[in-house]
Every structure is written in C-alpha cells, then in structure tokens.
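Each chain, letter by letter, is given below.
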Amino acid sequence: MTNSHSTETLSKLDYELLADFRYQLRRFLRFSEEITQSHGITPLQYLLLLQVKGYPGREWATIAELAERLQSHHHGVVALVSRCEKAGLVTRRPSRDDGRCVEVILRPKGEELLRQLALLHQNQLVDLQHLLKIPSENILMRFS
C-alpha cells in the first residue's frame with residue numbers, strides 16, 4: 001500500500017486505535033491457538049479444515065485455492081494436507097474437471113473436530129464483537 005499522505009503525522013489517538021485493533025486481533029488469535037492445540041491439532045490444521053468447509057459454493061477446495069486462502073505457498077499446503085490426511089481429517093481426490101488438480105475434502109473426523117472448534121470460536125467472536133473495533137474511517141482515510 002502506498003501512502004500519499006506520508007508527510008502527515010498521526011495523532012496519539014490514531015496510534016491508540018491501531019494498537020487496540022491489533023491487540024484485539026492478537027487476543028482472538030491467541031485464543032484460537034490455545035483452543036486448537038488443546039484439541040490435538042495445530043492452528044494451521046484448524047485453518048485448513050475451516051477453509052475447506054468454508055470454501056464458497058462447495059464442500060471441497062483445491063490445493064491452489066487453499067494456498068491462496070491460507071496465504072501460503074503451494075508446497076507448504078501440500079505438506080499441511082498430508083499431515084491432516086495422515087491424522088484422518090481430510091482426504092484428497094483427483095479433480096473431476098481438471099486432472100492436474102487435487103480436491104481436498106473433509107472426512108467425518110475432520111468435520112466433527114471442525115464443528116467443535118468452530119462453535120468455540122463463534123462464542124469467542126460474540127464476546128469480542130463489542131471489543132473488536134475497526135479503526136475509524138478517519139484514520140483509514142489517512143492510510144489510503
């Protein structure tokens with residue numbers, strides 16, 4: 001992102017809003033890290049399961065789509081899928097449309113674990129919704 005207002009200064013309140021926003025995000029991420037680990041999987045494994053189940057319009061996703069959604073490299077997602085597959089959480093199948101692609105789908109064990117974790121995350125989001133404030137439009141305008 002380029003900052004066309006690079007000569008402007010930020011107020012103390014601007015910094016406080018940014019700091020609080022990042023703090024609330026970190027609190028949620030920390031909660032997620034702890035709750036997923038207490039259920040025997042890593043935070044990345046949870047994110048993979050969530051992205052497979054939550055992929056728009058269908059119940060599966062390709063490795064390339066997951067790499068984009070996880071903001072990761074293709075080879076890293078392949079390794080993550082392999083770990084999840086070994087744990088019985090997902091399975092791979094050749095794409096029906098493109099033989100070069102692999103579709104990743106949840107197995108029943110992955111579905112159930114994701115359901116449990118998503119419910120816990122949903123409760124945390126409800127709790128955080130009053131605290132998690134996106135910085136005001138005024139500060140966002142300064143960064144655009």
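Residues numbered from 1 in each chain as written. Predicted model: local features only at pLDDT ≥ 70, side-chain atom pairs only at ≥ 80, totals over all residues. Heavy atoms only, no water.

Visitor: Got a sec to walk through the pattern of salt bridges? Specific residues and values, please.
Guide: Counting across every chain of the model gives 11 salt bridges. Close ionic contact of Glu16 with Lys12 constitutes a salt bridge, the shortest N to O distance being 3.5 Å. Residue Glu16 and its partner Lys12 are located together in helix α1 (residues 12-38), separated by 4 residues, close to a single helical turn. Classification of Glu16 by relative accessible area gives partly exposed; the value is 40%. (Salt bridge = Lys/Arg side-chain N within 4 Å of Asp/Glu carboxyl O. Helix = DSSP H or I, 4+ residues; strand = E, 2+ residues; numbered from the N terminus. Buried < 20%, exposed > 50% of the residue type's maximum accessible area, 1.4 Å probe, protein only.)

Visitor: Any details on the confidence of the model for the protein chain? Residues and values, ideally.
Guide: Scored by pLDDT, the protein chain has a mean of 87; 84% of the residues are at 70 or more. In the model, residues 1-5 has pLDDT below 50 throughout and makes 8 contacts with residues more than four positions away in sequence or in other chains. (pLDDT = per-residue confidence, 0-100. Contact = heavy atoms within 4.5 Å.)

Visitor: I'd like a description of the packing of helix α2 (residues 43-53) against helix α3 (residues 63-70), backed by residues and values.
Guide: Taken N-terminus to C-terminus, the directions of α2 and α3 make an angle of 120 degrees; their axes are 10 Å apart at the nearest point. Here the hand of the crossing between α2 and α3 comes out right-handed. Within the contact between the two elements, α2 uses Leu47, Leu48, Gln51 and Val52 and α3 uses Leu66, Arg69 and Leu70. A class-by-class count of the residues in the contact of α2 with α3 yields 5 nonpolar, 1 polar and 1 charged. (Axes fitted to C-alpha atoms, helices over the stretch in contact; angles between N-to-C directions. Left-handed = near helix turned anticlockwise from the far one by under 90°. Nonpolar A, V, L, I, M, F, W, Y, C, P; charged D, E, K, R; others polar.)

Visitor: Tell me about the pairing of strand β3 (residues 102-106), and name the residues and values.
Guide: Burial analysis of β3 places 4 of its 5 residues in the buried class, which makes it a mostly covered element. The sheet contact formed by strand β1 (residues 60-62) and β3 spans 3 bridges and is antiparallel. For Thr62, the partnering residue across the bridge sits in β3 and is Glu103. As paired elements, strand β2 (residues 90-94) and β3 share 5 bridges and run antiparallel to each other. When the bridges of β3 are listed, Pro94 appears paired with Val102. (Pairing = 2+ DSSP bridges.)

Visitor: Let's hear about helix α4 (residues 74-86): which residues, and what values?
Guide: With 13 residues, α4 should cover 18 Å at 1.5 Å per step; its first-to-last C-alpha distance of 18 Å lies within 8% of that length. Within the sequence span of α4, burial applies to Val77, Leu80, Val81 and Cys84. Burial along α4 is one-sided: seen end-on, the buried residues are contained in an arc of 100 degrees. More than 90 degrees from the buried face of α4, the exposed residues found are His75 and Lys86. Looking at the buried side of α4, the elements it contacts are α2, α3, β2 and β3. Just beyond α4, the residue with positive phi is Gly88, at close to 80 degrees. (Expected span 1.5 Å × (residues − 1). Arc of directions from axis to C-beta.)

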